[in-house]
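What follows is each chain in one-letter form.
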There are 8 protein chains.
Amino acid sequence: MAAGFTFDWKREARTGVSEAVLCTGKTPAQIDAILAEAAAARRRLLLTRLDRALFESLDPAACAALDYDPLSRTAILGDAPPERLKAAVGIVCAGTSDLPVAEEARRTLAFHGVETPDAIADVGVAGLWRLMERLPELRACRVVIAVAGLEGALFSVLAGLIEGLVIAVPRSVGYGVAAGGHAALNAALASCAPGVVVVNIDNGFGAACAALKIVRGMDGR
Amino acid sequence: MAAGFTFDWKREARTGVSEAVLCTGKTPAQIDAILAEAAAARRRLLLTRLDRALFESLDPAACAALDYDPLSRTAILGDAPPERLKAAVGIVCAGTSDLPVAEEARRTLAFHGVETPDAIADVGVAGLWRLMERLPELRACRVVIAVAGLEGALFSVLAGLIEGLVIAVPRSVGYGVAAGGHAALNAALASCAPGVVVVNIDNGFGAACAALKIVRGMDGR
Amino acid sequence: MAAGFTFDWKREARTGVSEAVLCTGKTPAQIDAILAEAAAARRRLLLTRLDRALFESLDPAACAALDYDPLSRTAILGDAPPERLKAAVGIVCAGTSDLPVAEEARRTLAFHGVETPDAIADVGVAGLWRLMERLPELRACRVVIAVAGLEGALFSVLAGLIEGLVIAVPRSVGYGVAAGGHAALNAALASCAPGVVVVNIDNGFGAACAALKIVRGMDGR
Amino acid sequence: MAAGFTFDWKREARTGVSEAVLCTGKTPAQIDAILAEAAAARRRLLLTRLDRALFESLDPAACAALDYDPLSRTAILGDAPPERLKAAVGIVCAGTSDLPVAEEARRTLAFHGVETPDAIADVGVAGLWRLMERLPELRACRVVIAVAGLEGALFSVLAGLIEGLVIAVPRSVGYGVAAGGHAALNAALASCAPGVVVVNIDNGFGAACAALKIVRGMDGR
Amino acid sequence: MAAGFTFDWKREARTGVSEAVLCTGKTPAQIDAILAEAAAARRRLLLTRLDRALFESLDPAACAALDYDPLSRTAILGDAPPERLKAAVGIVCAGTSDLPVAEEARRTLAFHGVETPDAIADVGVAGLWRLMERLPELRACRVVIAVAGLEGALFSVLAGLIEGLVIAVPRSVGYGVAAGGHAALNAALASCAPGVVVVNIDNGFGAACAALKIVRGMDGR
Amino acid sequence: MAAGFTFDWKREARTGVSEAVLCTGKTPAQIDAILAEAAAARRRLLLTRLDRALFESLDPAACAALDYDPLSRTAILGDAPPERLKAAVGIVCAGTSDLPVAEEARRTLAFHGVETPDAIADVGVAGLWRLMERLPELRACRVVIAVAGLEGALFSVLAGLIEGLVIAVPRSVGYGVAAGGHAALNAALASCAPGVVVVNIDNGFGAACAALKIVRGMDGR
Amino acid sequence: MAAGFTFDWKREARTGVSEAVLCTGKTPAQIDAILAEAAAARRRLLLTRLDRALFESLDPAACAALDYDPLSRTAILGDAPPERLKAAVGIVCAGTSDLPVAEEARRTLAFHGVETPDAIADVGVAGLWRLMERLPELRACRVVIAVAGLEGALFSVLAGLIEGLVIAVPRSVGYGVAAGGHAALNAALASCAPGVVVVNIDNGFGAACAALKIVRGMDGR
Amino acid sequence: MAAGFTFDWKREARTGVSEAVLCTGKTPAQIDAILAEAAAARRRLLLTRLDRALFESLDPAACAALDYDPLSRTAILGDAPPERLKAAVGIVCAGTSDLPVAEEARRTLAFHGVETPDAIADVGVAGLWRLMERLPELRACRVVIAVAGLEGALFSVLAGLIEGLVIAVPRSVGYGVAAGGHAALNAALASCAPGVVVVNIDNGFGAACAALKIVRGMDGR
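Residues numbered from 1 in each chain as written. Chains lettered and ligands numbered in written order. Predicted model: local features only at pLDDT ≥ 70, side-chain atom pairs only at ≥ 80, totals over all residues.

If you check an unreviewed UniProt entry, chain A appears there as Nickel pincer cofactor biosynthesis protein LarB from Benzoatithermus flavus.

In structure tokens:
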């Protein structure tokens, strides 16, 4: 049977973001093989959606080489990024349970050398003053990654208050009509505040990649 | 063939709201017959979803007896309500195109003798200051009927700011994921602000009936 | 990483209902931290959707301070409410399996100082006489919280018989087209009985908050 | 090009119901050809969903031979049925706008020689007394075809009160979550009253065919 | 807290089928209490959807009194039915995995005193000869309960070949677009063969109740 | 503004089927320009979904050069295909109203030089003998394009009876759960008969392209 | 009745994009009033989704002052923008019928003073060479707005080839599973190429607003 | 109770593919009985969707006779196929996690005597060069089975580049809008590249059966 994967090492040069390994649906043996090939090639590598149980079923030697974070389910293979950029990227969450996705975004940015402050957490619109108190920080951002589930009202309210681009990440946590994150997704897409852009439900990684493309590399043009 | 309708004249005594005629799906002949029976019985009657084309296809004599409003597509047969109540019910719209539903609610309340101020229109959250300017009025209301389409963020923001009950009426106007009003409906149901209650998409009539039940009649208990 | 939560202690003054902690999606460590902060601030606190397994994974000291109810998955931190109100709020269930949600509503009302009788259980419309026998009690209520799954016919039948406001809580228990509670939700929204209002599937907490807003505080207006 | 149809004249002998022509999606020329072939073969024929505009675009000679009813959009070619059966089949509607479907069922039964009383109309559960008044008639029926849109609560309430089989026909008229009839369909399928059976939305023809199979022909077994 | 249930012992007299206990969503304690009350009242009782794990968590004394069948997940409390009727009711399955639902139907009929032959299994249309071989038996039935998942073609093919009424029970087993049984449900509702009636997905109990109403009790009319 | 189109004249050499023009969503001016460019380049061209109204709004000179068929809504520009192939491709329809899609497939095959017999129409499974009578013809086909709406049972029945590949084309005509063709689409995808392949709803063109790829060109391999 | 609108003239200063008027759902009288107020205030204004029929029903004097484009259904009131920016924003379409949305985006950018080249049209992936020929232009863009319907494969292919941010605009034109644009929307959200961001179906205006936020104003940070 | 299965041993002669056993929803006892009957009849048999846990719960003697592959969850009973055909069938996967389905297809082909090379894995369009490198192999195939989840762009890109027929197998692995495989399914059905045909989500078995029908048996016609 085929090995099952082919690294796209040229992706960063071509698109500005390097390939990452989405662990969902992969067997431990497949991930071990991917890690071994990356290590052999002396490549840095980001793994996403690596649940703790899956992480613990990997080859212990491979695990030891990983910087693993269970909250965001991300692991990083390799050294610190070659260069660091302090960019005006903010991350906000509507609720405490949105932190895993916010942290996936923060770690993806860090892997690519972009440093951001900690996420501003629990600023959902039911207590609007919490968001208002943080507006000065958020108004200074060129891009804000906003993570929210339930009805996703945070996306519109935030986008009506700041000049930076809002990248909405709908969150799957919720029940009833909020289950799965589709209510928040549709709210983000249907936002009455112009210019909100959206990524897939729970896709903190994708939001970070978009932010990277905005703050890095092509500024001279 | 059967006549096709049976008035529930006892409904108001039993439930606090009188029966209304939903005109969708009825033929002009059926509506003419209903009006004739109500007139013969000297009953007041509210008709909803009476499109202008349908209205104009009714028996002209019947039309002449109706107080018809094309924006809200409502018609009222009969005199002014026997008594009037000034109640602390507010009506707000996120956008201009929500006015027909707001007006359906206002006319339903008026039919039942409850007077309300004009709807506060176009206070969508993309320009939050517009809502904030009207907060003093809204904070004085015991019930606020809020009409919003698109992402329906207004429901949550409003409910986080006032003490009165918010009755959310999702609005069907919109396109893409907002078409039909399901995005706004789900936003209302999934609201992070506790205590928002919801009625069917575009159902200004139903929202008004709920408001009536709250402000009228049982206060002594 | 950020602490992840920001209490909205001012919510009760602003909206009439105090903030509650939805435990779904939160880690034990996060809930422990929230409880510790509330205890330190000598605040009363309501926790919802606290599954027994999650409850048992909390800090034992924190657990000891909680009044935990496994059926409704609610926990209450702190003393009895400062004042009590006997209000005409009824709670009815179509079936036995709706009791957890009814109990969540009852405990939420009790936390806020509103006492209600036990839920009237198992009055689904397949045996209509069971509902009819309880009508005198229900007709005396200003608000009735009705919990029903399957086809949700109870909402319409009840609303056609009483003067009080019916707050419909669709229930997720069921199979086939009833699975997840969307059939009951749509039945509530599409009700032929005017004035039914609806909250999210299984949202006994939200129904209680709406009832609170109706029976408390603004009666003088 | 092919003629496009092949009569299944043996269907009645095989299944107890004769083939009918669903006119939706057929051109006037196709329907004219079908009518001509049936006339040539001296066959009786039932046409369903024949909108007035389509009816009026048919060959005038063919039209003259049809017994056309615009409300139910049915047409009958040929003489009265060879034999008549008075069967205990009842037809009820929740609202006035359900009559076209009720009438489609009544005419389908009549075409097959089963006579039924007029539909009992407008007995929706919002005014339960209207249904209760007609219970004696309904309790005498072996089969009741019930037509209802919106939340379809009538199906469950009726089935909890009578011994005969309830055949539920959901109705597409409505708006918001009731649009298209899926809320009523799911209510019928999820009914808490055991033994309700369901046909497609607006399918009065199919409900009548099922009733036919129950009341006719195999009673000796 | 309320006891949580109210027997509707009069249901059989009123509707021809007795009340059954749907175990989904009930706690062991609730089921134990229900069984105790039925035993005290010397009532026969049918329990459905009683998973083996739930069955084994009941009070052992209660279990001992039950006739439990794990395949159909049904349990029967009490003696054999007072009278027996051999009725022309057939049961067919498209595949082996449809047997649990077929057996739920057969046991429900047996509980009510109607004896049927074993289900005709594995006669899906991919091998049409298997169905054709059993046609003589099926053509002798007044009612045929057909259980099928996947695309549900069996419903239409069968209904085009026999005179008896086909009650379609869609089956939830399947993957991709067949998962959950909605493809089979919609196929049953959209059947091109007139007179197919449908019950909820996996609802063998409901199909049996409908069959009961057809074959029993009202034949004299 | 850009011209708006770029012919992919190399498509036939690359993929075996030539580019066609889907007229939906194009303005008359855009289609006129496309036709003019094709004529100037002396290219043959197939246009699909060209409604009669759109056809009649085209430049009359362009229309005169087209072989237009209103039933299938196709138009062909240019001479007969350079070579002709009699291939064992069959086309069957469940009902008369499926002919437009069948004819779109037949005309697409003809445009590419593949001749097929007329579609076998109206062989839906409600009258199974109609299909059985045509089996000898169908068993001789290497590929059969089957067009069916409603419950789409024809796909499975046919695929269980013949050796050739069945390409299922679900049909959008229908009402209730059959409206739009999703019931038939899901039936085709969930077929219990192995090896059925499916194209988009109403996509007779696509089915013909797949048939072309099977019967032409690569046979030597 | 209330006037129905409240300009948010401060929006551009606050968020970087000025308020626009979505004409869907507004009456001619409402649009006339909005135009009059803008003219009186000497404000520039962008109107979107102004169908030709609606445009022609406006006050002729108001129309004369508008720069109206029927393809994109946009109208501009007022002079050229105060300053112009040549920004590296590209616009591509998969097909000819995507041009209206592409043009809405181009006109929105132009209204805000950002000049872009004409859209690169008809570069769908079925003829991949068409896209490849335009890669040098696209690789020079900091942001590319991509408009595609059907399966939306263009979004992923493009994002895998260029460094700039891809803003995906799904397109509603299509049939069967492509109808309404949800297939393309989900393809954009589920893209395997990291960093694609998405706006609502057909929302060329929103894509342009997002592009504006990226290329303008905050570059110094 | 009935045995529950009826082998269709004539299926291969009739349709070109032999019956296989879908293990989902079957009990170990049922599968043991099926294996015993096949062994007794000295029949070869393919089992699909046989999870490892289910495999391990079978009768050990039966297991020993099976060639079981846990990745594809397939088991083969019996000897090598009687004859072997090297056919130009290719299999490609967009990602590593698509291999189980690709392998199910490869094993199904092998069971029927058709040998294919290993799947070409991980050629998703985000790194288009990976697919381009394998084009020569793929262009030599008469049929290509393509397995892809997420947005399924591979189906369209591939079909635009090769002459062979593309059989698309959507894959259920993914999250958010990609969960369950419906986004990839709709992308395959809505493909802009003509002639793509589609099977159910994850249905590698069905894709292989279709490929078999194309490459085998009827070539002489």
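What follows continues from the structure just given.
*Asks:* Got a minute to help me understand the overall build of chain A in this structure?
*Replies:* Along its length, chain A carries 10 helices and 10 strands. Relative to the 2.2 N^0.38 estimate, which gives 17 Å for 221 residues, the radius of gyration of chain A is 18 Å and therefore close to what a compact globule would have. Overall, chain A is about 50 × 45 × 25 Å in size when its C-alpha atoms are taken along their principal axes. Counting the 221 residues in chain A, one finds 63% classified as buried. For chain A, contacts bridging at least 24 residues in sequence account for 71% of all contacts bridging at least 6. (Helix = DSSP H or I, 4+ residues; strand = E, 2+ residues; numbered from the N terminus. Rg over C-alpha atoms; globule rule 2.2 N^0.38 Å. Buried ≥ 20, exposed ≤ 12 C-beta atoms within 10 Å, placed from the backbone. Contact = placed C-beta atoms within 7 Å.)

*Asks:* Explain the interface of chain H and chain E here, please?
*Replies:* Frequently, the measure chosen for interface size is the accessible area that the parts lose on association. Counting residues at the interface gives 16 residues for chain H, matched by 17 residues for chain E. For the side of chain H that touches chain E, a count of residues per class yields 4 nonpolar, 8 polar and 4 charged. (Nonpolar A, V, L, I, M, F, W, Y, C, P; charged D, E, K, R; others polar.)

*Asks:* How should the interface of chain A and chain B be read in this particular structure?
*Replies:* Taken together, the 26 residues of chain A in the interface contact 26 residues of chain B. Within the residue set of the side of chain A that touches chain B, elements represented by two or more residues are α8 (153-159) and α9 (182-189) of chain A. Tallying contributions element by element places α9(A) first for the side of chain A that touches chain B, with 4 residues. Taken together, the residues of the side of chain A that touches chain B sort by class into 16 nonpolar, 9 polar and 1 charged.

*Asks:* What should I look at first to understand the pairing of strand β8 (residues 143-148) of chain E in this one?
*Replies:* As a general feature of sheets, a regular strand has side chains that alternate between the two faces. Residues and elements named next belong to chain E. Burial analysis of β8 places 6 of its 6 residues in the buried class, which makes it a mostly covered element. Burial along β8 is two-sided: Val143, Ile145 and Val147 facing one way and Val144, Ala146 and Ala148 facing the other are all buried. Of the strand pairs in this sheet, strand β6 (residues 89-93) and β8 are connected by 5 bridges, and their pairing is parallel. Paired with Gly90 across the bridge in β8 is Val144. (Pairing = 2+ DSSP bridges.)

*Asks:* Help me out: how do you make sense of unusual backbone geometry in this one?
*Replies:* Both trends apply: most residues other than glycine have a negative phi, and most peptide bonds are in trans. Phi is positive for B:Asp122, close to 65 degrees, though the residue is something other than glycine. Relative to the assigned elements, B:Asp122 resides in the loop between β7 (114-115) and α6 (128-133). Judged by C-beta crowding, with 23 C-beta atoms within 10 Å, B:Asp122 ranks as buried. Non-glycine residue G:Asp202 carries a positive phi angle of around 70 degrees. Take G:Asp202: it is sitting in the loop between β10 (197-198) and α10 (204-215).

*Asks:* Explain the relation of the copies chain H and chain E here, please?
*Replies:* One copy of the chain maps onto the second through a rotation about an axis and a displacement along it. Relative to chain E, chain H is turned by 90 degrees and slid 0.0 Å along the rotation axis, the superposed coordinates differing by an RMSD of 0.0 Å. The symmetry that links the two subunits is that of a four-fold axis. No C-alpha of chain H lies nearer the rotation axis than that of H:Gly180, which sits 8.5 Å from it. (Least-squares fit on C-alpha atoms with pLDDT ≥ 70 in both.)

*Asks:* In this structure, what is going on with the relation of the copies chain A and chain B? I would like to understand it.
*Replies:* With an RMSD of 0.0 Å, the fit of chain A onto chain B corresponds to turning through 180 degrees and sliding 0.0 Å along the axis. Within this description, the copies of the chain are treated as partners about a two-fold rotation axis. Identified as the residue of chain A closest to the rotation axis by C-alpha distance is A:Ala153, at 2.3 Å. Interface overlap between copies is the fraction of interface residues in one copy that are interface residues in the other; for chain A against chain B it reaches 100%, indicating a shared surface.

*Asks:* Before we go on, may I ask you to explain helix α2 (residues 28-40) of chain F in this structure?
*Replies:* Spacing of three or four residues puts side chains on the same side of an α-helix, whose turn is 3.6 residues. All names here are of chain F. Spanning 13 residues, α2 covers 18 Å between terminal C-alpha atoms, matching the ideal 18 Å at 1.5 Å per step. All buried positions along α2 are accounted for by Ile31, Ile34, Leu35 and Ala38. Viewed along the axis of α2, the buried residues span an arc of 95 degrees, placing them on a single side of the element. Buried positions along α2 lie against β1 (20-22), β2 (45-48), α4 (60-64) and β4 (74-77). Downstream of α2 by a residue or two, Arg42 has a phi angle that is positive, lying close to 55 degrees. (Expected span 1.5 Å × (residues − 1). Arc of directions from axis to C-beta.)

*Asks:* For this particular structure, what's the right way to read the arrangement of the chains?
*Replies:* At the level of C-alpha atoms, the two units chain B and chain F stay apart, their nearest approach being 16 Å. At the C-alpha level, the nearest point of chain D lies 16 Å from chain G, with no contact between them.

*Asks:* Looking at this structure, how should I read the domain arrangement of chain A?
*Replies:* Residue and element names in this part refer to chain A. Looking at the assigned domains, one finds that chain A contains domain 1 (11-77) and domain 2 (85-215). Taken over C-alpha atoms, the centre of domain 1 sits 25 Å from the centre of domain 2. The interface is formed by 11 residues belonging to domain 1 together with 12 residues belonging to domain 2. Looking at the side of domain 1 that touches domain 2, its residues break down into 5 nonpolar, 4 polar and 2 charged. (Domains from an automatic or database assignment.)

*Asks:* Can you walk me through the packing of helix α9 (residues 182-189) of chain G against helix α9 (residues 182-189) of chain H in this structure?
*Replies:* Each pair of packed helices gets described by two things: the angle between the helix axes and the distance between those axes. Direction vectors running N to C along α9(G) and α9(H) enclose 125 degrees, while the axes themselves pass 9 Å from each other. With respect to α9(H), the element α9(G) is oriented oblique. Of the two elements, α9(G) crosses α9(H), and the hand of that crossing is left-handed. Side by side, α9(G) and α9(H) meet where G:Ala183, G:Asn186 and G:Ala187 of the first sit next to H:Ala183, H:Asn186 and H:Ala187 of the second. Of the residues belonging to the contact of α9(G) with α9(H), the class tally is 4 nonpolar, 2 polar and no charged. (Axes fitted to C-alpha atoms, helices over the stretch in contact; angles between N-to-C directions. Parallel < 35°, antiparallel > 145°, perpendicular 65-115°, else oblique. Left-handed = near helix turned anticlockwise from the far one by under 90°.)

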